[in-house]
Structures are given as structure tokens and as C-alpha cells.
Amino acid sequence: MSSEKLKNVKTEVLSNNYYTLNKLTFDYKLKNGNWVTQMRECYDRGDGAGILLCNKEKGTVILTKQFRMPTFLNDNKDGMLVEICAGMLDKDNPEACIIRETEEEVGYRLKEVKKVFEAYSSPGVMTEKMHFFIGEYTDAMKVNEGGGLESEHEDIEVLEIPFTEAVRMLNNGEIYDTRTIVLLQYAIIHKLL
């Protein structure tokens with residue numbers, strides 16, 4: 001890591017159970033030319049990919065619903081979250097990852113996907129970069145019921161809903177996963193359905 005505004009970076013691992021939580025101490029050069037020592041905690045969980053699945057003929061999208069403990073701890077009464085199909089890259093390229101995750105989570109085998117952008121999830125505390133995709137599906141692509149992998153103890157509900165219903169849920173605050181909001185807004189802006 002090299003930068004004219006950064007020096008003396010020291011990393012201390014605070015936790016390495018499932019992902020890595022580091023404490024970073026470093027000197028940072030301010031706009032006025034002064035150097036200050038700063039400390040940040042940084043969570044490294046790898047990069048991920050997410051997809052909004054669209055069926056233009058039926059006017060539907062596929063979302064998922066699953067329990068998310070961190071949301072339960074922060075004011076989500078039942079911990080259930082409606083979200084796009086998504087997963088960690090696990091050393092795959094983003095396209096291969098999202099095609100694999102789509103089949104595991106929602107049961108559709110996609111042949112191709114369209115990458116629309118990539119962005120940092122929460123750059124103040126996480127290293128994660130998300131790769132965002134749009135994918136078209138048809139009923140003929142369904143190969144299983146989805147629901148996630150038993151070996152990962154996933155318990156995913158598959159939601160195939162009219163796009164108009166997804167937009168209504170978005171506008172009424174029933175969808176509060178940032179990744180899902182971003183891809184639904186992308187679909188609205190680009191008139192995908």
C-alpha cells in the first residue's frame with residue numbers, strides 16, 4: 001500500500017474467526033500539510049456479488065427473504081430481510097459467483113448476466129466491494145427450488161413478485177437492504193421492466 005498521504009501503517013488482528021477484523025494505526029497527511037496519527041477498525045470479509053433477476057415477459061423479479069442477525073440487533077423486529085440474491089466471491093470471478101449463487105439460492109440456472117457496476121459496501125469500516133448484476137430468467141431456467149445450501153445452514157425463502165409490487169415495497173420502506181434498493185432503482189431508471 002503506497003500513498004503520498006499515508007505512512008507508518010500498522011495492522012493488529014483483533015479477530016479472525018470467520019472474517020478478519022483489523023485495527024489499523026497510521027499517519028495521514030491532511031490538506032493543510034500536517035500529519036496526524038489515526039486509528040480505524042476495518043472488517044475484511046472479502047468481496048461479493050448481487051443480482052436482480054428480471055422476467056420481462058411476466059413483469060416479475062426474484063428476491064429472497066432470510067434472517068439477518070445484525071439487522072435483528074439493530075431494530076429489525078424479526079430479523080427477516082427482503083433482498084437480492086447475493087453471495088461472497090469465494091475466490092471466483094464475480095460472474096461465476098453470481099451464476100452459482102443464483103442456482104443455490106433461488107433455483108435458476110443462468111447462462112449469462114450483465115454487470116452494471118461495482119461499489120464499496122460500507123467504505124468507512126469494510127473492505128468489501130460488491131459487483132452488481134442484472135439477469136433475465138424464464139420459467140424454463142428453473143432447475144430446483146432454491147433455498148440455499150444445507151451445508152451452510154441457509155434458510156432462504158424465494159420471492160417471485162411483480163416488479164410493480166417490488167417498487168411499492170421499496171417506496172413504502174418494506175425493503176431496507178441497500179444492495180436491493182440500488183438494483184431496484186437501477187431497474188426503474190433504466191426501465192428494465
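What you are looking at is a predicted structure, and each value in this text was computed from that prediction instead of being measured. (Residues numbered from 1 in each chain as written. Predicted model: local features only at pLDDT ≥ 70, side-chain atom pairs only at ≥ 80, totals over all residues. Heavy atoms only, no water.)

Visitor: Just give me the short version of the domain arrangement of the protein, but keep the residues and values in it.
Guide: Each assigned domain of the protein is listed with its residue range as follows: domain 1 (6–44) and domain 2 (48–189). Taking the mean C-alpha position of each, domain 1 and domain 2 sit 32 Å from one another. Note on domain 1 versus domain 2: buried area summed over both sides is about 370 Å², and carbon and sulfur give 52% of it. Between the two partners, domain 1 and domain 2, sit zero salt bridges. Linking domain 1 to domain 2 there are three residue pairs in polar contact (both at pLDDT 80 or more). When the residues that make up the side of domain 1 that touches domain 2 are grouped by side-chain class, the tally is three nonpolar, no polar and two charged. (Domains from an automatic or database assignment. Buried area = accessible area lost by both parts, 1.4 Å probe. Salt bridge = Lys/Arg side-chain N within 4 Å of Asp/Glu carboxyl O. Polar contact = N/O pair within 3.5 Å; in protein donor to acceptor, adjacent residues only side chain to side chain. Nonpolar A, V, L, I, M, F, W, Y, C, P; charged D, E, K, R; others polar.)

Visitor: Tell me about the packing of helix H3 (residues 163–171) against helix H4 (residues 178–189), residues and numbers included.
Guide: At their nearest, the axes of H3 and H4 sit 11 Å apart, and the two run at 125° to each other. By the angle between their directions, the pair H3 and H4 is classed as oblique. By crossing handedness, the relation of H3 to H4 is classed as left-handed. Contacts between H3 and H4 involve Phe163, Ala166, Val167 and Leu170 from the first element and Ile181, Leu184, Gln185, Ala187 and Ile188 from the second. (Axes fitted to C-alpha atoms, helices over the stretch in contact; angles between N-to-C directions. Helix = DSSP H or I, 4+ residues; strand = E, 2+ residues; numbered from the N terminus. Parallel < 35°, antiparallel > 145°, perpendicular 65-115°, else oblique. Left-handed = near helix turned anticlockwise from the far one by under 90°. Contact = heavy atoms within 4.5 Å.)

Visitor: Can you tell me about the packing of aromatic side chains, naming the residues and giving the values?
Guide: Scanning the model with the defined rule gives six aromatic pairs in all. Between Tyr18 and Tyr19, the ring centres sit 4.5 Å apart and the planes meet at 70°, which makes this aromatic pair edge-to-face. By relative accessible area, which is 68% here, Tyr18 ends up exposed. Residue classification places Tyr19 among the partly exposed residues on the basis of a relative accessible area of 21%. Residues Tyr19 and Tyr43 carry aromatic rings whose centres are separated by 6.0 Å and whose planes lie at 90° to one another, so their mutual orientation is edge-to-face. (Phe/Tyr/Trp six-rings, centres within 6.5 Å; stacked < 30°, edge-to-face > 60°. Buried < 20%, exposed > 50% of the residue type's maximum accessible area, 1.4 Å probe, protein only.)

Visitor: So what's going on with the pattern of salt bridges? Which residues, and what values?
Guide: If you walk through the whole model with that rule in mind, you get 16 salt bridges. Its salt-bridge partner being Arg168, residue Glu174 comes within 2.7 Å of it at the nearest N-O pair. Exposure remark for Glu174: the relative accessible area of 35% places this residue in the partly exposed category. When salt bridges with common partners are traced through the structure, they connect Asp90, Asp92, Arg100, Glu101 and Glu104 into a single cluster.

Visitor: Residue-level account of unusual backbone geometry, with values.
Guide: Positive phi outside glycine occurs at Asp90, with the angle close to 50°. Note that Asp90 resides in the loop between strand E7 (85–88) and helix H2 (94–106). Judged by relative accessible area, which is 56%, Asp90 ranks as exposed. Even without being glycine, Lys91 reaches a positive phi, approximately 70°.

Visitor: I'd like to hear about the UniProt feature "domain: Nudix hydrolase" (unreviewed entry) in the protein, residue by residue, with values.
Guide: According to UniProt, the "domain: Nudix hydrolase" (unreviewed entry) feature falls on residues 44–183. Annotation note: span residues 44–183, helix share 24%, strand share 33%, distance between end C-alpha atoms 24 Å. (UniProt positions renumbered as here; feature names shortened; annotations may be inferred.)

Visitor: Outline the nonpolar core, supporting the account with residue identities and numerical values.
Guide: Across soluble globular proteins, nonpolar side chains show a tendency to be buried alongside one another. Formed by 24 residues in total, the largest nonpolar core has its most connected members in Leu52, Val61, Leu63, Ile134, Ile161, Leu183 and Leu184. Counting residues per element, this core draws most heavily on H3, at five residues. Apart from the residues within four sequence positions on either side, Ile161 is in contact with Gly59, Thr60, Val61, Leu63, Ala166 and Met169. Judged by nonpolar contacts, the second largest core, of 13 residues, contains Ala49, Ile51, Cys97 and Tyr108. (Core = buried A, V, L, I, M, F, W, Y, C linked by side-chain atoms within 4.5 Å.)

Visitor: Give a description of the side chain of Arg179 that names residues and reports values.
Guide: Mapped onto the elements of the fold, Arg179 is located in helix H4. Take Arg179: its relative accessible area is 19%, and that puts it in the buried class. Only 2.7 Å separates the side chain of Arg179 from the side chain of Glu83, close enough to count as a polar contact. In this view, Arg179 contacts Glu83, Ile84, Ala86, Met130 and Phe132; residues no more than four positions away in its chain are not counted.

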